[in-house]
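# Descriptive analysis of the structure
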Amino acid sequence: MSEMITFSPSPSLFGFGALTRLNEFLVSRGYKRLLIITDRQIAGSGILDRVLELLKGSIGAEVFDGAPAEPSSSDVDQAMKHLGSGFDALLGLGGGSSMDFAKAMSIIMTHGGTLGDYLGEGSVPGPVIPVACIPTTSGTGSQSTQTTVFTINGVKRGASSEYIRPVFSIVDPELTMNLPPMVTRNSGYDALMHACESFVARPSSHVPERPILYQGSNPFSRSLALEAFRSIWRSYRTAVSDGSNREARMGMSLGAHMAGMAFSHSGLGLVHALASSLGGMVDYPHGVCLAACTHIGLRYNFEACEKDFALLAGVIAEIEGSPSHASAKDFPLRLQDLIQELDLPSRPSDLGIKKEDARTVLEKTLVQTRRIVTNPRPLDEELLRYIEEGI
């Protein structure tokens, strides 16, 4: 255990119109040849064209637009066979998958091997080709974090290293204005759970030192997470129902960005671990899997988080003008109301998981040490019962 806390956020520029300063950020770092990692939807949306226009005449760029929505380790390994070399930096442009893909490729381009060689914490042996990020969704917060997530052996796992934390990011809510409602819904729930699980993470005084800054909840992460939760809860429903609302898009972009900074300094917990287990078993977006696992994780952690749940319930009551005597029990109920209102799944069985799959879910969850170390309640033999009852 350590009594010290490390703060290491990446530089970022936030606000409507921030994208216009991209060239300035790249040139100031001396980058001359860039590999842009994105997906075909972004490539066809006009956003990629705007980026290329900003770079014209000062920075050479090659584009890889094959980043899949839910990448596996083999996707990254295969992509490496079709790319050039000699890049000064990589630019992840898109949702979390494109940004994570850029981080993963920076590892392989620098150190060789396959992505599976770098699974876990602290396995990247040294600095990598710099990665910059421009998110086009309000969800993963990957532009702020030191992790790349991918599916390997049927489980969404990751490679985590401070070496792959982006060197800078540009967060422009304008890029999210045309997101479809379902993408806004799914990515937004991910951001909401980042804020929630970061806020209630095991205290840093009870977390052993690690190669990454998933050091447990601390004053820095809790302050960011609480404000992120407030911003997301205030904006989420409106962003889904009225994507043209600039204030709601601003609130979601800011909340997701702060939540990413928060959990990259605290770690996450059981809801994310369970959802990543489901993500390797069923073909649904990560935010959908999170919604299906929320009640299991919150029930299991309830006694360890009672004070924090009451505080979060109070934030919800304040935003919605509800009675101020909110209690800890109100928090999971309000989340279930939100899940129902947005037509998200409330149980793993809604995604095709059966009660007899409970032990498989448990086994896939227990291997995710990156997440479960900072869960507020240590995982014990009771978890299987909670999973069985929650399915």
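Just above, that's the structure.
My aim in this report is to walk through the structure given alongside it, one point at a time. (Residues numbered from 1 in each chain as written. Predicted model: local features only at pLDDT ≥ 70, side-chain atom pairs only at ≥ 80, totals over all residues. Heavy atoms only, no water.)

This part is about the packing of aromatic side chains. Enumeration according to the criterion identifies nine aromatic pairs in this entry. With a centroid separation of 6.3 Å and 75° between ring planes, the pair formed by Tyr214 and Phe263 is classed as edge-to-face. Within this pair, whereas Tyr214 is found in the loop between helix 6 (181–199) and helix 7 (219–241), its partner Phe263 is found in helix 8 (residues 246–266), the two being separated by 49 residues in sequence. One exposure class covers both Tyr214 and Phe263, and it is buried. Ring geometry for Tyr300 against Tyr386: centres 5.2 Å apart, planes inclined by 85°, an arrangement best described as edge-to-face. Taken together, the residues Tyr300 in helix 10 (residues 286–320) and Tyr386 in helix 14 (residues 383–390) connect sequence positions 86 residues apart. Across the pair, exposure class does not vary: Tyr300 and Tyr386 are buried alike. In textbook terms, an aromatic cluster arises when at least three aromatic residues are bridged by ring pairs, as seen for Phe229, Trp233, Phe302, Phe309 and Phe331. (Phe/Tyr/Trp six-rings, centres within 6.5 Å; stacked < 30°, edge-to-face > 60°. Helix = DSSP H or I, 4+ residues; strand = E, 2+ residues; numbered from the N terminus. Buried < 20%, exposed > 50% of the residue type's maximum accessible area, 1.4 Å probe, protein only.)

Their axes nearest at 10 Å, the elements helix 7 and helix 10 cross at an angle of 40°. Comparing the axis directions of helix 7 and helix 10 gives the class oblique. Judged by the sense of rotation from one axis to the other, the crossing of helix 7 with helix 10 is right-handed. Contacts between helix 7 and helix 10 involve Arg222, Leu226, Phe229, Arg230, Trp233, Arg234 and Arg237 from the first element and Asp308, Leu311, Leu312, Val315, Ile316, Glu318, Ile319 and Glu320 from the second. Looking at the contact of helix 7 with helix 10, its residues break down into eight nonpolar, no polar and seven charged. (Axes fitted to C-alpha atoms, helices over the stretch in contact; angles between N-to-C directions. Parallel < 35°, antiparallel > 145°, perpendicular 65-115°, else oblique. Left-handed = near helix turned anticlockwise from the far one by under 90°. Contact = heavy atoms within 4.5 Å. Nonpolar A, V, L, I, M, F, W, Y, C, P; charged D, E, K, R; others polar.)

All chains considered together, the criterion is met by 18 salt bridges. Glu162 serves as the salt-bridge partner of Arg165, at 3.0 Å between the closest nitrogen and oxygen. Judged by relative accessible area, Glu162 falls into the partly exposed class, the value being 27%. The partner of Asp380 in a salt bridge is Arg377, with the nearest N and O atoms 3.2 Å apart. A relative accessible area of 16% means that Arg377 is categorised as buried. It is possible to trace a salt-bridge network through shared partners that takes in Arg299, Arg377, Asp380, Glu382, Arg385 and Glu389. (Salt bridge = Lys/Arg side-chain N within 4 Å of Asp/Glu carboxyl O.)

Take it as geometry only, folks, not as evidence of what the structure does.
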